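Single-letter residue listing:
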Amino acid sequence: MSDTPSDHPLAAPCTAFMGSEKLASGDLADVALAVNARMAAAPSAVLIFDDTTGAQIDIDLRGTTAQIISRLAAYQGHQPEARKRGRPKLGVVAREVTLLPRHWDWLAQQPGGASQALRRLIDQARKGDEGRTAARLAHERAYRFMSALAGDYPGFEGASRALFAHDLAALEEAMAAWPADVRDYALHLARPDVAD
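Residues numbered from 1 in each chain as written. Predicted model: local features only at pLDDT ≥ 70, side-chain atom pairs only at ≥ 80, totals over all residues. Heavy atoms only, no water.

> How should the overall build of the protein chain be read in this particular structure?
Helices and strands together make up the secondary structure of the protein chain, namely eight helices and four strands. In sequence order, the protein chain lays out its α and β elements as β-β-α-β-β-α-α-α-α-α-α-α. Within the structure as shown, the protein chain displays about 12500 Å² of accessible surface, and the carbon and sulfur contribution to it stands at 52%. (Helix = DSSP H or I, 4+ residues; strand = E, 2+ residues; numbered from the N terminus. Areas by Shrake-Rupley, 256 points an atom, 1.4 Å probe, with all protein chains shown as cover.)

Have a look at this one:
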């Protein structure tokens, strides 16, 4: 699947686990086919996780390679948005914004109009974020995975507290008794730069 564009649903990065063993990691299509082959040889419960969000991916892996790829192409978690009117070359997306009248009044007084003023404000906020949003998303991503696969592991509560305190040393310590593949993947997801 290496010729698949990176924004295509089949190229979504993910990781599959059979119990506590990491079975495969890579593009969704490659992982799904690896899981299908492994299940054909030795049927077992397999969980697939989205590397970007930490969410579990629920897909039907029965049938032929063509049937699996066809179902994956329609995977709703990565379904591309339908093309809309507007200025697609600029990547502009129209959505509703609800503001108080004083906010609209202020925006109306800004050079370039409301949309341009909002874009400037958002860009300023993103620059001043200092990684807080990326860290929060990493915590959420790692917690989703940990809850799904390691929720009954010893030290789960301590690991969760350490994760949200952004104390990676304490997180590693709390997960010391966990299987290596689970621990390593949770630590990988906990890094803010994973989704970049």
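> How should I be thinking about the packing of aromatic side chains in this particular structure?
Centre distance and the angle of the planes are the two values used to describe a pair of aromatic rings. Tallying each qualifying case throughout the model produces eight aromatic pairs. Ring geometry for phenylalanine 17 and phenylalanine 49: centres 6.2 Å apart, planes at 75°, overall edge-to-face. Linking phenylalanine 17 in strand β1 (residues 13-18) with phenylalanine 49 in strand β3 (residues 46-50), this pair joins segments that are 32 residues apart in sequence. Of the two residues, phenylalanine 17 and phenylalanine 49, both sit in the buried class. Seen from their ring centres, phenylalanine 17 and phenylalanine 145 are 5.3 Å apart, and the 40° between their planes marks the pair as tilted. A residue pair is termed long-range when its members are at least 10 positions apart, and phenylalanine 17 in strand β1 and phenylalanine 145 in helix α5 (residues 132-150) qualify at 128 residues. (Phe/Tyr/Trp six-rings, centres within 6.5 Å; stacked < 30°, edge-to-face > 60°. Buried < 20%, exposed > 50% of the residue type's maximum accessible area, 1.4 Å probe, protein only.)

> How should the pairing of β3 be read in this particular structure?
It is a general feature of regular strands that their side chains alternate between the two faces of the sheet. Among the five residues that make up β3, four are buried, leaving the element largely enclosed by the rest of the structure. Direction of pairing for β3 relative to strand β4 (residues 56-57): antiparallel, over a ladder of two bridges. Note on β4: the bridge partner recorded for phenylalanine 49 is glutamine 56. (Pairing = 2+ DSSP bridges.)

> What exactly am I supposed to notice about the packing of helix α3 (residues 101-108) against helix α4 (residues 113-127) here?
When two helices pack together, you describe them by how their axes are tilted relative to each other and by the distance separating the axes. Two elements in contact, α3 and α4, have axes separated by 8 Å at closest approach and are oriented at 95°. Considered as vectors, α3 and α4 are oriented roughly perpendicular to each other. Taking contact as the criterion, the partners of Trp104, Trp106 and Leu107 in α3 are, on α4, Gly113, Ala114, Ala117, Leu118 and Leu121. Class assignment of the residues belonging to the contact of α3 with α4 gives a composition of seven nonpolar, one polar and no charged. (Axes fitted to C-alpha atoms, helices over the stretch in contact; angles between N-to-C directions. Parallel < 35°, antiparallel > 145°, perpendicular 65-115°, else oblique. Contact = heavy atoms within 4.5 Å. Nonpolar A, V, L, I, M, F, W, Y, C, P; charged D, E, K, R; others polar.)

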